[in-house]
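Here is how the chains run, residue by residue.
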Amino acid sequence: MSEKPPSYSGPSRVFSGIQPSGALHLGNYLGALKKFVALQEDHDCIYCVVDLHAITQPQDPALLADQTREIAAAFLACGLHPKNSILYAQSSVRAHTELAWYFNCVARMGWVERMTQFKDKSGKDAERASVGLFDYPVLQAADILVYKGTHVPVGEDQKQHLELSRDIADKFNRDFNAPGFFPLPEPLIEGPGARIMSLKDGTKKMSKSDPSDLSRINLIDDEETIHRKFKKARTDQHPIPVDVDGLEARPEVNNLVGIYAALAGVSKAAVLTEFEGKGFGVFKPALAELAAAHLAPITENMRRYLSDKAEIDRILQEGSERAKAIAEPVLADVRKLIGFHGA
Ligand code: AQP
């Protein structure tokens, strides 16, 4: 029997990122941002605006830098402390792309071909999708591992990519006879906000790129828009069920109850106890009110941060320097392990 390789013994470190590919929505907030901010209280955290991932699909060069600032403003508005956590733009730290190339040579085609998100995002016309879109889970592995990230808070949709990161880390450690060099990063997915679905179709995730704005609540939607969108959200003619079993086979209702639970910080069962037997004429306005109360201070903070772009740029620059200081020594070790001349 082969001996189990020694496991990683370095410090624990949280890493995650968000793409500047459009307006952030409630799914990004509940599945990612809210968790990111909570984790900074007792962890070393590195958060990144992943602009290299955004360009896997066409982006307007005139807008990309501002979109990056907007995501940075959302991090800050949700309560990220740039003095403690590191916040920066991915493209400003070249180490990501260099390690991604090495990982391209470690990852196997079959592993990447299994990624269901590529199939979802490329749709029927996969032949015309960019190679970057296909390869982006490998870059994602590099994003995490260039800092030897051990924990990755993400929504449910990223679970498969995290498994790929673990496989790549494990194979690198074996291929280059470096047991425990890279950690096998753990996803942090739990919680009711892990998978927020479209308001128009409870089987599809809420997404920035859904052509229908009515399918999502954007972080910058005002109170009236939030009420209107929840009012138009798809449901059915039955009342709110008594228990969670009654949510099965009702994906849209399950989603709305899940959103309420995630916002209120309670279980779905507790939401059902409060609303059982009531119709959507009661539940939807209550949900809209809760969401609006939650998002209003974030929207206001975002506007405040965005009114001082120079300050956002300064925060991103400082974060970038701190990120480089962690990533460069890791890359220097990687180059030596691979055996490059002059490494
Ligand atoms: N619907 C969701 N529910 C819970 N979490 C979600 N996330 C995304 N959608 C949901 C989480 O948000 C983080 C940042 O995601 P991203 O910027 O990488 O974008 P994405 O995963 O590609 O999803 P988007 O925001 O909806 O964009 P598109 O339309 O491009 O797919 C991740 O942690 C993700 O899990």
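As a reminder, the structure under discussion sits directly above these lines.
Rules behind the numbers
- Residues numbered from 1 in each chain as written.
- Predicted model: local features only at pLDDT ≥ 70, side-chain atom pairs only at ≥ 80, totals over all residues.
- Heavy atoms only, no water.
- Buried < 20%, exposed > 50% of the residue type's maximum accessible area, 1.4 Å probe, protein only.
- Helix = DSSP H or I, 4+ residues; strand = E, 2+ residues; numbered from the N terminus.
- Pairing = 2+ DSSP bridges.
- Core = buried A, V, L, I, M, F, W, Y, C linked by side-chain atoms within 4.5 Å.
- Contact = heavy atoms within 4.5 Å.
- Expected span 1.5 Å × (residues − 1).

Asks: Can you tell me about the pairing of strand β3 (residues 86-89), naming the residues and giving the values?
Replies: Judged by which residues are buried, β3 turns out to be covered on both faces: I86 and Y88 on one side and L87 and A89 on the other are all buried. In terms of strand pairing, strand β2 (residues 45-49) meets β3 through four bridges, oriented parallel. Pairing of C48 across the sheet is with Y88, part of β3.

Asks: Help me get a handle on the nonpolar core, residues and values and all.
Replies: Soluble globular proteins: nonpolar side chains tend toward being buried together. If you look at the biggest cluster of nonpolar residues, it comprises 58 residues, and the most contacted ones within it are L26, L33, F75, F230, I259 and F283. Leaving out residues up to four positions away in the same chain, F283 has contacts with I240, L256, V257, Y260, V271 and F275. C48, Y102, V112 and I168 belong to the second largest nonpolar core, which has 45 residues in total.

Asks: Please set out helix α8 (residues 159-175) residue by residue, giving values where relevant.
Replies: Its 17 residues give α8 an end-to-end C-alpha distance of 24 Å, which sits within 8% of 24 Å, the value for a rise of 1.5 Å per residue. Those residues of α8 not exposed but buried are H161, L162, L164, S165, I168, A169, K171, F172 and N173. Once α8 ends, the next one or two residues include N177, with phi positive near 50 degrees.

Asks: A description of unusual backbone geometry should follow, citing residues and the corresponding values.
Replies: With phi around 50 degrees, N177 is a residue other than glycine that occupies positive phi space. Within the secondary structure layout, N177 lies in the loop between α8 and β5 (186-188). Look at N177 and you get exposed, because its relative accessible area is 66%. At A249, a position not held by glycine, the phi torsion is positive, near 70 degrees. Considering the arrangement of structural elements, one finds A249 in the loop between α9 (223-232) and α10 (251-264). Taking relative accessible area as the criterion, A249 reaches 81% and is therefore assigned exposed.

By themselves these figures say nothing about function.
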